Every structure is written in structure tokens, then in C-alpha cells.
Amino acid sequence: MATDLKDAARAVEGAAVMELLPNRPRLLALGEPTHGEDSLLEVRNTLFRQLVEQEGYRTIALESDCLRGLVVDDYVTAGTGTLDGVMEHGFSHGLGASAANRALVRWMRAHNDGRPAAEQVRFAGFDGPLEITGPESPRQALTALHGYLAAHGDADLLPCTPEALDTLLGADDRWTHPDAMLEPARSMGRSTEAGELRLLADDLVALLEEQAPHLIAATSRDDWDRARLSARSATGLLRYHSSMADTSPNRMTRLVGLRDRMMAENLLDLAARGPVLVHAHNSHLQRAKSTMQMWQGQVEWWSAGALAQVRLGAEYAFLATALGTIRHRGVDTPPPDTLEGLLYALPRAPCVVDASRLAAALGTPHPAPRTSPWFGYAPLAPDQLGELDGVVFVRDAGEKPSEEA
């Protein structure tokens, strides 16, 4: 079977990826089957550089806190702050500790140095200010939105004062109680204050949209877009906190769906400004319905990629990454009769392969998915190949990466 794929395996380069697609997508999604492996991120970094230099891409979006991502964007575009500070404060989910992410930020800053704004590359986080089990307080998003409107809009139309907002928000640790995930009663999400804040957030968002012509003229389109990011984050967080307080059996399904809805809204906003390379877990980008096993059972939801696909159609493309080994996690050489085993036998890696040719090489019926001994790695499902535009394959993870981009 591997012989049938030798001619189909190409180096992971911008031109090879574009040859798999009918047109240049506004959102080019590159998934990963596990987090924390810099060898996968180095492939992403190389691809992004080529997409910038050869295909006109100007933005990369990572599965990281969208508000923290503004810190990274300020650094790569204007040199604000220091690289160490940006890596510490500009990422969530531990991504700032990655040498490959550090190399990406360093390259973006060097690329932008001396270039006009229109030619600069931009950075974005597209996750909400949350992890599944730990949403942030809505304070940062709400106060940023209110402050923007107070400074540049018609202050007489504001639905509340900063002091009233602060009183309703209260102490941040009320919103971030570590036991709220397992004990819904610990959540602030359905308190009287949270209910009032949801109404105020709705009024503030409406005001931001109603005064858009004046606000953009008084500040800039970029500043207004940032205010809209705060608005989406505020309403999304309040909705998420409300579902944290839910005691129904559908609670976790609702939470994972809300998270990806926030992701999709952020991605669609980025796509409206130009083509974007998106990098996240395969489960957040795939067109097929996503599933995950949690302590109370399996949950299913539509990913950010599936939601974006509905809006963008052919302007959304998805490349899933498959992985051979993660030996330090007990994931050894894949069995030869699996999808990863077929790819592991190819002479070229990393490589990108047309998904339809890979499906044909697997034959019918497709083999069962590979079984992983480690919960943190999700092998590709062969029966989902028809939902992919291509497969990127990395043979071995875990080797020490270079810090150079």
C-alpha cells in the first residue's frame, strides 16, 4: 500500500498545500493530534513563513486566549514589551513555554521590523479567555469594552457607570472558584449579579455596533475590532459561566459547544480581514462532529472549524496532522495496518498527502483507528478522511527542537 502513496507524499510547503486546494482559503486550518510537541509546531512555523512569503497570508491564529494574544500582536507589530514578557503573559494553556512558539514570535517580530503596517504579519489567539474547566472573570473584557465606549463614544448613552460595573463584578475569585466545574453551585453564573451583567453586556455590545461609524473615525478600525473582541469575550464568558452553574445532564455538552462557538466567532472575524493560518487541536478544526471522553461520559459538539465551514464554504480548508510516535509518552511505532502505519512506511517525512489518495490506499472497508496508550494523543479516524483536504504526517515527536525559526 505504501508504494501507492510514494508519489503523493510531498514536502510540507506552501505550494504543495495550495495544490491540494481548489482555491486559496481565507481560513487554512492545520490541526494537531496532541498538544505540547514542538516538533509539530516547527512544521507549522515553516509552513506559515512560506504562506507569508509566497501566498500572501498575514495572520496566524493559535488555540490560545484571545485577549492575551493582543500582547503578542503588540510585540510583533510595534515592538511593545520584551520577548520574555510576551511569552509569559501573551499565551494561555502553557503555550508560552514552547521553544517553537518563542521562535515563531521572534521571527514575526524580525519580519515586521521596518515594514509598513499593511505588509506586517499579525498574531491572534482565537480561544476564549478560558479552559474547559476554568473560565476567567469577565472583568477584563467588560471593563475594556466599557472604557472604549466611555472614552470615544457618547458617554450619556452608557447603561452604567464604571463603579456600578465594578460592584456587580465583585472579586474575581468568585468567578474562578476551582471547584465550580464539579460543583455547579459554586459558580457565579446564575447569580443576580451575573444576570444583570448579561443585560448590561448586551446593551454595551449594541452601543458599540450602533456607533460604529463615529467610533472607527475617532479611533481606528483596528481599535474598534479590538473592542468587538472584548465584546465577544464578555458575552461569551457570561454565557459560559451561566452554563457552569447548570445542573442538567447536558451541562458538559453545552460547555464544550459554547467554547468552540466563541472560537468560531473569533476566527470568522479574523477571516474577514484576510487569509489566516489557524493552528489548534484536530478536534477544534475538523468538519465532522467532535467527541471527547470526560469523567461523566462522552460529549459531542460541533467544532469551531465545522461552524466556520458553514459560513465560509470553500474558503475553509482543513489539514489534519497524523503522528507516528511519541515515545516519551509510550506511543511507539504504529501497527502497519493502521492509517499512521501506512504513512510511517513512506520514505519522506514530514510530508503532506492528499486525503482522497490516502483513503484509496487504505482500501475498503477502512481499518479501525489506531489505539493510543496515552490519553493525550488522538489518532486520526480513517473514516473521516473524506472530510479532510489533506493530511500532514510527522514521523516522530519529542526530539529536542531548535529555537531558530
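Residues numbered from 1 in each chain as written. Predicted model: local features only at pLDDT ≥ 70, side-chain atom pairs only at ≥ 80, totals over all residues. Heavy atoms only, no water.

1. Description of the layout of surface pockets
- Size it by volume and the largest pocket reaches roughly 1,000 Å³.
- What lines the largest pocket is a set of 36 residues, and nearest its centre among them are His281, Ser283, Thr291, Met292 and Ala378.
- Taken together, the elements giving at least two residues each to the lining of the largest pocket come down to helix H12 (251–271), helix H13 (282–285), strand S7 (290–294) and strand S9 (316–325).
- If one sorts the elements of the lining of the largest pocket by residue count, S7 sits on top with four residues.
- Shared between two domains, the lining of the largest pocket holds at least three residues of each, these being domain 1 (1–57 + 275–404) and domain 2 (133–272).
- Here the second largest pocket defines a volume of roughly 390 Å³.
- For the second largest pocket, the lining is made up of 24 residues, of which Thr59, Arg122, Ala124, Leu270 and Arg273 are closest to its centre.
- Elements with a contribution of two residues or more to the lining of the second largest pocket: helix H4 (69–78), strand S3 (122–127), helix H11 (221–244) and H12. (1 Å grid on protein atoms, 1.4 Å probe; cavity = no way out; pocket = protein on both sides within 12 Å on 5 of 7 lines; lining within 4 Å. Points joined across faces, edges and corners; volume = space filled by probe spheres on them. Helix = DSSP H or I, 4+ residues; strand = E, 2+ residues; numbered from the N terminus. Domains from an automatic or database assignment.)

2. Side note on H11
- Between its terminal C-alpha atoms H11 stretches 34 Å, which fits the 34 Å expected from 24 residues at 1.5 Å a residue.
- Burial of H11 is extensive: 18 of the 24 residues sit out of reach of the surface. (Expected span 1.5 Å × (residues − 1). Buried < 20%, exposed > 50% of the residue type's maximum accessible area, 1.4 Å probe, protein only.)

3. Overview of the sheet that holds S9
- Read from one edge to the other, the open sheet built from seven strands follows the order S3-S2-S6-S1-S9-S11-S10, with strand pairing classed as mixed. Each end of this open sheet is capped by a strand with a single partner; those strands are S3 and strand S10 (351–353). Each adjacent strand pair in this sheet contributes to an overall mean axis angle of 25°, direction not counted.
- One ladder, built from four bridges, connects strand S1 (residues 27–32) with S9; its direction is parallel. Across the sheet, the residue bridging to Ala29 is Phe318, located in S9.
- This element, helix H3 (residues 38–55), spans S1, strand S2 (59–65), strand S6 (276–281), S9 and strand S11 (390–396) of the sheet and lies at about 170° to S6.
- The sheet contacts of H4 involve S2 and S3, and relative to S3 the element is tilted by about 175°. (Pairing = 2+ DSSP bridges. Axes fitted to C-alpha atoms, helices over the stretch in contact; angles between N-to-C directions. Contact = heavy atoms within 4.5 Å.)

4. Examining the packing of aromatic side chains
- On inspection of all chains with the given rule, the structure shows three aromatic pairs.
- Taking the centre distance of 5.4 Å and the plane angle of 70° together, the rings of Phe91 and Phe123 count as edge-to-face. Separated by 32 residues along the polypeptide, Phe91 in the loop between helix H5 (83–89) and helix H6 (99–112) and Phe123 in strand S3 bring together distant segments of the chain.
- Positioned above the aromatic ring of Tyr344, the side-chain terminus of Arg395 is 5.5 Å from the ring centre. (Phe/Tyr/Trp six-rings, centres within 6.5 Å; stacked < 30°, edge-to-face > 60°. Lys NZ or Arg CZ within 6 Å of the ring centre and 35° of its normal.)

5. With respect to the pairing of S2
- Among the seven residues of S2, seven are classified as buried, and the element is accordingly described as predominantly covered.
- The pairing of S2 with S3 spans five bridges and is classified as parallel. Directly across from Ile60, in S3, lies its bridge partner Phe123.
- As defined by bridge partners, S2 adjoins S6 across four bridges and the pair is classed as parallel.

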